[in-house]
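# Residue-level structure breakdown
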Amino acid sequence: MGEILLEVATDVPFGHGIPAQLGISGDALNVAASAAAAGAHVGLLAVLTDDDLGQAIARRVAELGIATGLLKFRSGQQGVYLVHCDPDGQREFSYARSGSVGSTLCPDDVDPAVFSTAGAVVAGGIACAISLSSRAAVMKAARVSGRFVYDPNFRPRLTSPQDAAAALEELAPNAFLVTPSFPGETSALLGCAAPAEAAAKLRSLGAANVAVTCGADGIQLETDTGSSWIDSIPAPAVVDQTGAGDAFVGTMTARLVLGNSLPDAARYGAAAASLVVGGKGGTGLVPTFEQTTAHAQSAHEGELPSHA
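Being a predicted model, the structure only gives us computed values, none of them experimental.

### What to know about the state of the cysteines
Each disulfide consists of one covalent bond between the sulfur atoms belonging to two cysteines. A full pass over the atoms with the stated rule returns zero disulfides. Of all cysteine sulfurs, the one in cysteine 106 lies closest to cysteine 128, which takes part in no disulfide; the gap is 14 Å.

### Some details on the pattern of salt bridges
If you walk through the whole model with that rule in mind, you get five salt bridges. Between aspartate 224 and arginine 203 there is a salt bridge, with its nearest N and O atoms 2.9 Å apart. One end of the pair, aspartate 224, is in the loop between strand E11 (218-223) and strand E12 (226-231); the other, arginine 203, is in helix H8 (residues 195-205), and 21 residues separate them in sequence. Owing to a relative accessible area of 25%, arginine 203 belongs among the partly exposed residues under this scheme.

### Describing the packing of helix H10 (residues 262-276) against helix H11 (residues 289-299)
A pair of packed helices can be characterised by two numbers: the angle between their axes and the separation between those axes. Axis separation between H10 and H11 bottoms out at 9 Å; the angle between their running directions is 105°. By the angle between their directions, the pair H10 and H11 is classed as roughly perpendicular. Contact residues: Arg267, Tyr268, Ala271, Ala272, Ser274 and Leu275 in H10; Phe289, Gln291, Thr292, Thr293, His295 and Ala296 in H11. Class assignment of the residues belonging to the contact of H10 with H11 gives a composition of six nonpolar, five polar and one charged.

### Focus on the nonpolar core
If you look at the biggest cluster of nonpolar residues, it comprises 49 residues, and the most contacted ones within it are Ile4, Leu29, Leu44, Ile66, Leu221, Phe248 and Met252. In terms of residues, this core owes the most to one element, H10, which gives eight residues. Beyond its immediate chain neighbours, meaning those up to four positions away, isoleucine 4 contacts Ile24, Ser25, Leu29, Leu44, Ala46, Leu48, Ile57, Val61, Leu71, Gln78 and Gly79. With 37 residues, the next largest nonpolar core counts Val101, Met139, Leu171 and Ala198 among its residues.

### Some words on the packing of helix H5 (residues 132-144) against helix H6 (residues 161-171)
Relative orientation of the contacting elements H5 and H6 amounts to 20°, with a least axis distance of 10 Å. The angle between H5 and H6 falls in the class roughly parallel. When you trace H5 past H6, the crossing you get is right-handed. Contacts between H5 and H6 involve Arg135, Val138, Met139 and Ala142 on the former and, on the latter, Asp163, Ala166, Ala167, Glu170 and Leu171.

### Considerations on the packing of aromatic side chains
Given two aromatic rings, one states the distance between the centres and the angle between the planes to describe the pair. Evaluated as defined, the whole model comprises five aromatic pairs. Counting every residue linked through ring pairs, the aromatic cluster contains Tyr81, Phe93 and Tyr95. Above the ring of phenylalanine 176, the side-chain terminus of arginine 147 is found at 4.9 Å from the ring centroid. The positively charged end of arginine 255 is found above the aromatic ring belonging to tyrosine 268, 5.8 Å away from the centroid.

### Notes on the side chain of serine 100
The residue serine 100 is located in the loop between strand E6 (91-96) and helix H3 (112-115) in this model. A residue is classified by how much of its surface remains accessible, and serine 100, at 1% relative accessible area, is buried. Filtering out sequence-adjacent residues up to four positions away, serine 100 remains in contact with Glu3, Gln77 and Gly79.

### Considerations on H8
Taken together, the buried positions of H8 are occupied by Pro195, Ala198, Ala199 and Leu202. On an axial view of H8, the arc spanned by its buried residues comes to 100°, and they lie on one face. Those residues of H8 that are buried are in contact with H6, strand E9 (175-178), helix H7 (184-190), strand E10 (209-213) and E11.

### Comments concerning the sheet that holds strand E8 (residues 148-151)
Strands sit in the order E7-E8-E9-E10-E11-E12 across an open sheet of six strands; the sheet is mixed. Edge strands, defined here as strands with exactly one partner in the open sheet, are strand E7 (121-124) and E12. When strand polarity is set aside, the average angle formed by the axes of neighbouring strands in this sheet is 20°. In this structure, E9 lies alongside E10, joined through two bridges in parallel fashion. Paired with leucine 177 across the two strands is asparagine 209, which belongs to E10. Against the sheet, H6 makes contact with E8 and E9, and its axis sits at roughly 160° relative to E8, the strand it touches most.

### A few points about unusual backbone geometry
Backbone torsion omega between phenylalanine 182 and proline 183 reads 10°, so that peptide bond is classified as cis. Secondary-structure assignment places proline 183 in the loop between E9 and H7. Here asparagine 153, not a glycine, exhibits a phi torsion of approximately 40°, which is positive. Topologically, asparagine 153 is positioned in the loop between E8 and H6.

Conventions and cut-offs
- Numbers given for residues are sequential positions, taken from 1 along each chain in its written order.
- In keeping with the model being predicted, local features are shown solely for residues with a pLDDT of at least 70 and side-chain atom pairs are shown and tallied solely at 80 or more, while totals for entire chains, interfaces and linings include all residues.
- Excluded from the side-chain calculation are hydrogens and water; included are all heavy atoms of the structure.
- Our working definition of a disulfide is a cysteine sulfur pair at a distance within 2.5 Å.
- Salt bridge, as applied in this entry: a Lys or Arg side-chain nitrogen positioned within 4 Å of an Asp or Glu carboxyl oxygen.
- Elements are defined by DSSP. Helices are runs of H or I of four residues or more, strands are runs of E of two residues or more, and each kind is numbered from the N terminus.
- Each residue's exposure class comes from its accessible area (1.4 Å probe, protein chains only) as a fraction of the maximum for that residue type: buried when under 20%, exposed when over 50%, partly exposed otherwise.
- What counts as an axis is a line fitted to C-alpha atoms, over the stretch in contact for a helix, and the angles between N-to-C directions run from 0 to 180 degrees.
- Just so you know how the angles are binned, under 35 degrees is roughly parallel, over 145 roughly antiparallel, 65 to 115 roughly perpendicular, and the rest oblique.
- We call two residues in contact when some of their heavy atoms are within 4.5 Å.
- Amino acids are sorted into nonpolar (Ala, Val, Leu, Ile, Met, Phe, Trp, Tyr, Cys and Pro), charged (Asp, Glu, Lys and Arg) and polar (every other residue, Gly among them).
- What makes a nonpolar core is a set of buried Ala, Val, Leu, Ile, Met, Phe, Trp, Tyr and Cys residues whose side-chain atoms join them at distances within 4.5 Å.
- Helix crossings are classified by the rotation of the near helix relative to the far one: an anticlockwise turn of less than a right angle makes the crossing left-handed, while a clockwise turn makes it right-handed.
- In this scheme Phe, Tyr and Trp rings, the latter by its six-membered ring, pair at centre separations within 6.5 Å, and the angle between planes marks the pair as stacked below 30 degrees, edge-to-face above 60, and tilted otherwise.
- We call a charge positioned over a ring when the NZ of a Lys or the CZ of an Arg lies within 6 Å of the ring centre and within 35 degrees of the ring normal.
- In this description, one arc is meant: the one made by directions from the helix axis to the C-beta atoms.
- DSSP calls a pair of strands paired once it identifies at least 2 bridges connecting them.

Structure representation (C-alpha cells):
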C-alpha cells in the first residue's frame, strides 16, 4: 500500500529541452512489482486519478503482474517526481506531490477482510509521511494484518526525524518485520550507531523480526532465534540505484510468504536488489525469480535451497 508516482528521468542535469524518459514508480509500486516477480500473488492499494492518466498507470500496474482490484480512482492531481541519475548512484530529485491524489489514501480504503487474510502487508514511511489520512491508513493496516512488514523509508523532505521515529515506534509492536537502513535511518530514527544495536532496539519495541540493510556490506538480521549476517551480492551492472531497497523488501516478503526462512528470503532479496540497479527507473528492470535465483546461487553457491 502507498503512493504511485509518475517518474521523469534524465541522464543529464535538469534543464530546458533535455531528453527524458517517462516511467511509473514509487516505493509501493516497486515493492509490489518485485514481490510479484518473486512468485507472490500481489494486490496494490493506492489511489490514482480518475482520468486517462490514472488508467494508463493502472495498465502498467497490471503489466507488472500486480492485481488491480485494490486500486482506487478519484479526482485530483497525480504525484510526479523528476530524477537526474548517473551510474555512480548520484541522484537529484524534484517532487510535485503535495496534495496529490495518492495522499488521499485513508483508513476507509483499508478493507479488514482483505488485509487480515493477506499473507503479508507491506507499507512504508513515505505513506506515513505524505498525509495524516495516509498515515492513519497504515496504522489501521498494521492493526488488522496478520503479517505486517514496515520499511521506514525516511525522507527528510517529507517529514521530520521526530515524526518518522514516532510512526516507527507506534508500528513496531504490530510488525512481523521492520527493514531500516544503516546508517541513515538507524541513526536518525533510533539513535543507534551500529546495525545490531538498531535491530535489538526494534525488537525491544515489539518488532518480531528486523532486517537492517547496510548498503553494499550486507544485512543484519535479528529474530527470536538470534542474530545473523547476510552478505550483499555485487551488482553485475549499475545504471540507476532507484528502487534497490524496494526490490529487497518486496522480494524478501514474497519469499517469506511462500515458505522460505528469513535468512534465505533475505538472500533472495539481496540478489534482486543487486539486479534492479542495472535498469533505469524504479521498475525499469524487474528480474524474474529465475534470474534472481541464478544470481543468488552464483554468489552463494550451496547456501540457498532450490526455489519452490
